[in-house]
Amino acid sequence: MTTISARALNRSTLARQLLLERAGVPAEDAVRRVVALQAQQPASPYVALWNRVEGFEASALDALFAGYRVVKSTMMRITLHAVHVDDYPALRAAVEPTVRGARLRDRRFRDSGLTEADATRLLPELLARAEQPCGGPELKDWLVEKAGIEEAVALPAWRMLRQYAPLWHAPVSDAPWAYVGNGGQEFVAAGEASRPVLEGDEAAAAGMRALVLRYLEGFGPATVSDVAQFGLVQKGRVRGALRELGDAVRELEGEGEVLYDVPGGVVPDEDVVAPVRLLPMWDSVLLAYADRGRVIPAEYRKHVTRVNGDVLPTVLVDGYVAGVWRVAEGGAGIEVGAFRELPAAVWEELEAEARGLFAFLAGRDVSAYRRYDHWWVKGLPVTQTRVLAG
């Protein structure tokens, strides 16, 4: 087997995630190539693509969301992701058993008196109701009336049901990043993908095979544990999919573990230069692996991933997290906090990136991440702080 080093794995991730060089491709093609953009914060898919696509304009993703060419739904890791509509059915089928268990067996759903069987019974009518975009409060009221549950337990029960159901978030035209927060969300049935898939169903098995291939295309080479982490699925299901895929995947030798990849998957030389990047909150490269050391040095992980699960906007230097960033107080520019001393040449690169990012945010909503500034107020262990692009 071919042996691949940890640093070469880092470069492979950056190449496949379009972070070694911005790609001169349409935004729709870029979404297919990176597989999935974590999207619980509305601005993040936009900032993610700004880092990856040459000349990216926010209006390009607006159009993809509006036309449902890129869709936003609860999927991998029971978290909101933006994916290409053609990838959605298989990815949803792969992770639905996980989402079903996590949401319909959750105490917040069961306390309403509803069961998994009730959810299955209610699902067709819910999806019919949501053939056109519906507001969350409207659908919650429908659940109260249809299921006969008490108002006091309706909101948490509805939240669990809507995260399980094959619903897409519907874009809102006057929201700066196409979607709004919890209070004003709208939902629409997920087209032909609107059907339940259960563990053991052939659709679930086919979905797992597709998830493994798509993951390896966008994030490989990777271990069984990495794939399982990406989807929050059982390792046994991943191993079963790898066996069924046969020659469609290949094995490589990592540093003490077996890696899997698609034939012809790009693995750049470990010495290839990696440019600085200013990644969004919850960027997929930080979360899609069991071993997050591929991109985040172990000593910085707790600084980046906060106690409540917030994953801060990060600075990549030489392909690895080296600090965090935010919009400076008063919108004065991009504030970068470095976890270690950075050379002057790196600060020059960061200045250029910050100018582009600040212009991008200011053209849409410079306060996109303002609600997370409390982490800076509470203090971060940075050794250097500079306001760039002021």
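This text follows the structure it describes.
Residues numbered from 1 in each chain as written. Predicted model: local features only at pLDDT ≥ 70, side-chain atom pairs only at ≥ 80, totals over all residues. Heavy atoms only, no water.

A.B. asks: I'd love a proper account of the packing of helix H7 (residues 116-129) against helix H8 (residues 136-147), names of residues and values included.
C.D. replies: Two elements in contact, H7 and H8, have axes separated by 11 Å at closest approach and are oriented at 145°. As H7 packs across H8, the resulting crossing turns out to be right-handed. Within the contact between the two elements, H7 uses Leu122, Glu125, Leu126 and Arg129 and H8 uses Glu138, Leu139, Trp142, Leu143, Lys146 and Ala147. (Axes fitted to C-alpha atoms, helices over the stretch in contact; angles between N-to-C directions. Helix = DSSP H or I, 4+ residues; strand = E, 2+ residues; numbered from the N terminus. Left-handed = near helix turned anticlockwise from the far one by under 90°. Contact = heavy atoms within 4.5 Å.)

A.B. asks: Now, about the pairing of strand S10 (residues 314-317): what can you tell me, with residues and values included?
C.D. replies: As a general feature of sheets, a regular strand has side chains that alternate between the two faces. Covered by surrounding structure in S10 are Thr314 and Leu316 together with Val315 and Val317, the residues of both alternating faces. With two bridges connecting them, strand S9 (residues 277-278) and S10 associate as antiparallel partners. Considered in S10, the bridge of Leu278 is made with Val315. For S10 and strand S11 (residues 320-327), the ladder comprises four bridges, and the chain directions are antiparallel. Considered in S11, the bridge of Thr314 is made with Val324. If you look at the hairpin formed by S10 and S11, you'll find two residues sitting between the two strands, and Asp318 has a positive phi there, around 55°. (Buried < 20%, exposed > 50% of the residue type's maximum accessible area, 1.4 Å probe, protein only. Pairing = 2+ DSSP bridges.)

A.B. asks: Can you explain the pattern of salt bridges? Please cite residues and give values.
C.D. replies: Counted according to the given criterion, the structure contains 29 salt bridges. With a shortest N-O distance of 2.6 Å, Asp318 and Arg11 are connected by a salt bridge. In this pair, Asp318 sits in the loop between S10 and S11 while Arg11 sits in helix H1 (residues 6-16), placing the two residues 307 residues apart along the sequence. Linked through salt bridges whose partners overlap, the residues forming this network are Arg32, Asp87, Arg214 and Glu217. (Salt bridge = Lys/Arg side-chain N within 4 Å of Asp/Glu carboxyl O.)

A.B. asks: An account of the sheet that holds strand S3 (residues 80-84) is requested, with residue identities and associated values reported.
C.D. replies: Taken together, three strands build an open sheet; the order of strands is S1-S3-S2 and the sheet is antiparallel. Looking along the sheet, the strands with just one partner apiece sit at the ends: strand S1 (37-38) and strand S2 (70-74). Where S1 and S3 come together, two bridges link them in antiparallel fashion. In the strand pairing of S3, Leu37 is matched with Ala82. Seen against the sheet, helix H2 (residues 27-34) touches S1, S2 and S3 and runs at an angle of roughly 115° to S3.

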